[in-house]
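Spelled out from the first residue to the last, the chains are:
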Amino acid sequence: MGALPVFRWRLAPDGYATRRQLRARGLRPGGQFVAAQLERPRRRRGPLVAYLYRVDLAKPVRPMTPARWAALAKANAARRLCPVCGTDAGYVIPASLGTCVPCAYPDPPTLQGAPDHG
């Protein structure tokens, strides 16, 4: 395979699209290789690069089956379950914490010298 055609940012010809643009049209790359790339120059860093796929070779997005919906719901529920206390946090637990907020910060910090209004 030869070198990819390179287009400047926002100047790609019709018939090419990024993954997101394909998805917005209800399409997917469908196993095709990258057909071209966009480059956006930046100061003091390498260019931003976006890969383009041919729209005429794209395939329709596969529909979600009931089994796939169930698997997605199960995976999202697992992301809400705290591994420490075992409760449903009511939100997706941040990977940076690894636990729900009450388990990550069990005692609220007290301010030094703050008057007690209790």
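Our structure's up above, just so we're on the same page.
Residues numbered from 1 in each chain as written. Predicted model: local features only at pLDDT ≥ 70, side-chain atom pairs only at ≥ 80, totals over all residues. Heavy atoms only, no water.

Draft legend 1. View of the pattern of salt bridges. In the structure shown here, the tally under the stated rule is 2 salt bridges. Put simply, Asp-88 and Arg-80 hold a salt bridge, and the shortest N to O gap is 3.2 Å. (Salt bridge = Lys/Arg side-chain N within 4 Å of Asp/Glu carboxyl O.)

Draft legend 2. Representation of the packing of aromatic side chains. This structure, assessed with the given rule, holds 1 aromatic pair. Arranged with centres 5.8 Å apart and planes meeting at 50 degrees, the rings of Phe-7 and Tyr-16 form a pair that is tilted. Among the residues examined, Tyr-16 registers a relative accessible area of 24% and is labelled partly exposed. (Phe/Tyr/Trp six-rings, centres within 6.5 Å; stacked < 30°, edge-to-face > 60°. Buried < 20%, exposed > 50% of the residue type's maximum accessible area, 1.4 Å probe, protein only.)

Draft legend 3. Just the state of the cysteines, in detail. Under the criterion given, the structure shown has 0 disulfides. Left without a disulfide partner, Cys-100 is nearest to the cysteine sulfur of Cys-103, which lies 3.5 Å away. (Disulfide = S-S within 2.5 Å.)

Draft legend 4. Broad picture of the side chain of Gln-32. Residue position: Gln-32 is located in the loop between β3 (27-28) and β4 (36-42). Of note is the side chain of Gln-32, whose polar atom sits 3.2 Å from the backbone oxygen of Pro-29. Apart from residues lying up to four places away in sequence, Gln-32 is in contact with Tyr-53, Arg-54, Leu-57 and Ala-58. (Helix = DSSP H or I, 4+ residues; strand = E, 2+ residues; numbered from the N terminus. Polar contact = N/O pair within 3.5 Å; in protein donor to acceptor, adjacent residues only side chain to side chain. Contact = heavy atoms within 4.5 Å.)

Draft legend 5. Spotlight on the pairing of strand β5 (residues 45-54). Note: strand β2 (residues 16-17) against β5, 2 bridges, orientation antiparallel. Of the residues in β5, the one forming a bridge with Tyr-16 is Arg-54. Bridging between β4 and β5 involves 6 bridges; their strand directions are antiparallel. Along β5, the bridge assignment pairs Arg-40 with Leu-48. The antiparallel hairpin formed by β4 and β5 contains 2 residues in its connecting segment, where Arg-44 sits at a positive phi of about 60 degrees. (Pairing = 2+ DSSP bridges.)

Draft legend 6. View of the environment of Gly-31. Checked against the element boundaries, Gly-31 lands in the loop between β3 and β4. Here the alpha-carbon distance between Gly-31 and Leu-57, two residues 26 residues apart in the chain, equals 9.2 Å.

Draft legend 7. Expanded view of the sheet that holds β4. Read across the open sheet, the 4 strands follow the order β1-β4-β5-β2; overall the sheet is mixed. Whereas interior strands pair on both sides, the edge strands pair on one side only; in this sheet they are β1 (6-8) and β2.

Draft legend 8. Quick look at a positive patch on the surface. On the surface, a cluster of positive charge is made up of Arg-10, Arg-40, Arg-42, Arg-43, Arg-44 and Arg-45. Looking at where Arg-10 falls in the secondary structure, it is placed in the loop between β1 and β2. Taking the relative accessible area as the measure of exposure, Arg-10 reaches 75% and is therefore exposed. (Patch = residues over 30% accessible without salt bridge, like charges linked within 9 Å, V, L, I, M, F, W, Y side chains within 5 Å. Areas by Shrake-Rupley, 256 points an atom, 1.4 Å probe, with all protein chains shown as cover. Lys, Arg positive; Asp, Glu negative; His and termini not counted. Charge placed at Lys NZ, Arg CZ, Asp CG, Glu CD.)

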